[in-house]
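Here is how the chains run, residue by residue.
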Amino acid sequence: NPYNWTDCESSHLSKVPVTLLICLCGMVGNGVVLWLLGFHIHRNPITIFILNLAIADFTFLLSITITLGIFYVPESLCHELGSQGVTTVLNITILFAFTASVYLLTAFSAVTALSVLPLSHCPCHHSQCFPVLLCALLWVLSFLLTMTLYFHPSALIAFVLSYLLSVLTLICSGLTLLVFLCCSWKHPPRKLCAVVLLAVIFFPFFTADFGYWLLLRVFDFSVFVLNASLPLACANSSIHPLIYFLAGSCAKKFTLSVSAAFQRAFEDVLEPQNRDNTVESS
């Protein structure tokens, strides 16, 4: 059956321009992250997580933008394009990208927390293969969980448990980094720790209600309704590039160069022999 305009919740149309603006800004920011980390900044175990997180955030924001463009338009287009199949595909993509983003942010925070601990044999310290394999595993798990929820909504408990575990891991990682920043006699990578702490602080504030909204959508993938929590979830995916830029630009001598700011934000984890290979920006 064609999508019903009454399900488009015309009362929420005032939120559409704001949400679209947030999504467009977020896609530009994450696109810059992909461009810089993909081609201009030397990769290390941490930037591999950042690169994959940017891909997940960009996919999430793009899916939301396409969905809003299809369903929050004049009634005629809504009837023509808003079929059940299109709605289902978009909802599955949104759930998949959001789940992958949560998992990758959790892994990024956990690996950063482990990197400040005195664990000389931890594979996340120097191995380039470990983050690649871990990110690939998280993408696969996100896809499998999304498809399982679509075909068997009874598996909802797995989604809830994984989300709660991710939140718990984020909290533990944030506390670990905070303790090392405040109390440790060593010198942890302060800019990187600040990036993780800000991401951890914003995550529950922006995504808690959206996670609940997604749980409701699991039982009917053929319906898309704009909820007040959606702009906040889009803001969470859009704010990560801003955090990277601020952490790098405010360090040492202030700079407005995006490339230089990103290089500074992650230079703490670059090995000395690799720092000369990074892009120098004025």
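Fair warning: this is a prediction, and the values are worked out from it, not measured in the lab.

Asks: Where do I start with the UniProt feature "transmembrane region" (unreviewed entry) in the chain in this structure?
Replies: Those residues carrying the UniProt feature "transmembrane region" (unreviewed entry) are residues 16–37, 49–72, 92–117, 129–151, 157–180, 192–215 and 221–247 in this numbering. Helix makes up 92% of residues 92–117 and strand 0%, whereas the separation of the span's terminal C-alpha atoms amounts to 38 Å. Structurally, residues 157–180 is divided into 100% helix and 0% strand, and its ends, taken at the C-alpha atoms, are 35 Å apart.

Asks: Would you take a moment to explain the environment of Pro-241 for this structure?
Replies: Here Pro-241 shows up in helix 8 (residues 229–249). Accessibility expressed as a relative area gives 7% for Pro-241, which makes it buried. Along the chain, Pro-241 and Ala-54 lie 187 residues apart, while their C-alpha atoms are 8.2 Å from each other. Excluding residues that lie within four positions of it along the chain, Pro-241 makes contacts with Gly-29, Asn-30, Val-33 and Phe-262.

Asks: Help me understand the nonpolar core, please; the structure alone is not making it clear to me.
Replies: Across soluble globular proteins, nonpolar side chains have a tendency to be buried as a group. Phe-60, Ile-64 and Phe-108 are the most contacted members of the largest nonpolar core, which totals 72 residues. Elements represented by at least two residues in this core include exactly helix 1 (15–39), helix 2 (45–71), helix 4 (84–115), helix 5 (129–151), helix 6 (156–183), helix 7 (190–218), helix 8 and helix 9 (258–266). Per-element accounting of this core gives the leading share, 15 residues, to helix 4. Not counting chain neighbours up to four residues away, the residues in contact with Ile-64 comprise Thr-19, Cys-23, Ile-94, Leu-230 and Cys-234.

Asks: When you look at helix 6 in this model, what are you seeing that I'm missing?
Replies: Since the α-helix advances by 3.6 residues per turn, residues separated by three or four positions end up pointing in the same direction. Here helix 6 contains 28 residues, and its C-alpha end-to-end distance of 41 Å stays within 8% of the 40 Å for a straight helix at 1.5 Å per residue. Considered for burial, the residues of helix 6 that qualify are Leu-156, Phe-159, Ser-162, Tyr-163, Ser-166, Leu-170, Ser-173, Gly-174, Leu-177, Phe-180 and Leu-181.

Asks: Is there a simple way to explain the side chain of Thr-106 in this structure?
Replies: Positionally, Thr-106 belongs in helix 4. Residue Thr-106 is classed as buried on the basis of its relative accessible area of 9%. Non-local contacts of Thr-106, meaning those with residues more than four positions away in its chain, are made with Ser-166, Thr-169 and Leu-170.

Asks: Explain the packing of aromatic side chains here, please?
Replies: Centre-to-centre distance and the angle between the planes together describe a pair of aromatic rings. According to the stated counting rule, one finds 4 aromatic pairs in the structure shown. Between the aromatic rings of Phe-60 and Phe-98, the centroid separation amounts to 6.1 Å while the plane-to-plane angle is 45 degrees, which identifies the pairing as tilted. You can see Phe-60 sitting in helix 2 and its partner Phe-98 sitting in helix 4, a full 38 residues away along the chain. The pair Phe-60 / Phe-98 is uniform in exposure class, with both members buried. Aromatic side chains Tyr-163 and Phe-203 sit 6.2 Å apart centroid to centroid with 40 degrees between the ring planes, which places their arrangement in the tilted category. With Tyr-163 in helix 6 and Phe-203 in helix 7, the pair connects residues that are 40 residues apart, well separated along the chain. Across the pair, Phe-203 and Tyr-163 agree in class, each one buried. Taken together, Phe-96, Trp-139 and Phe-143 form an aromatic cluster joined through their ring pairs.

Thresholds, definitions, all that
- Residues numbered from 1 in each chain as written.
- Predicted model: local features only at pLDDT ≥ 70, side-chain atom pairs only at ≥ 80, totals over all residues.
- Heavy atoms only, no water.
- UniProt positions renumbered as here; feature names shortened; annotations may be inferred.
- Helix = DSSP H or I, 4+ residues; strand = E, 2+ residues; numbered from the N terminus.
- Buried < 20%, exposed > 50% of the residue type's maximum accessible area, 1.4 Å probe, protein only.
- Contact = heavy atoms within 4.5 Å.
- Core = buried A, V, L, I, M, F, W, Y, C linked by side-chain atoms within 4.5 Å.
- Expected span 1.5 Å × (residues − 1).
- Phe/Tyr/Trp six-rings, centres within 6.5 Å; stacked < 30°, edge-to-face > 60°.

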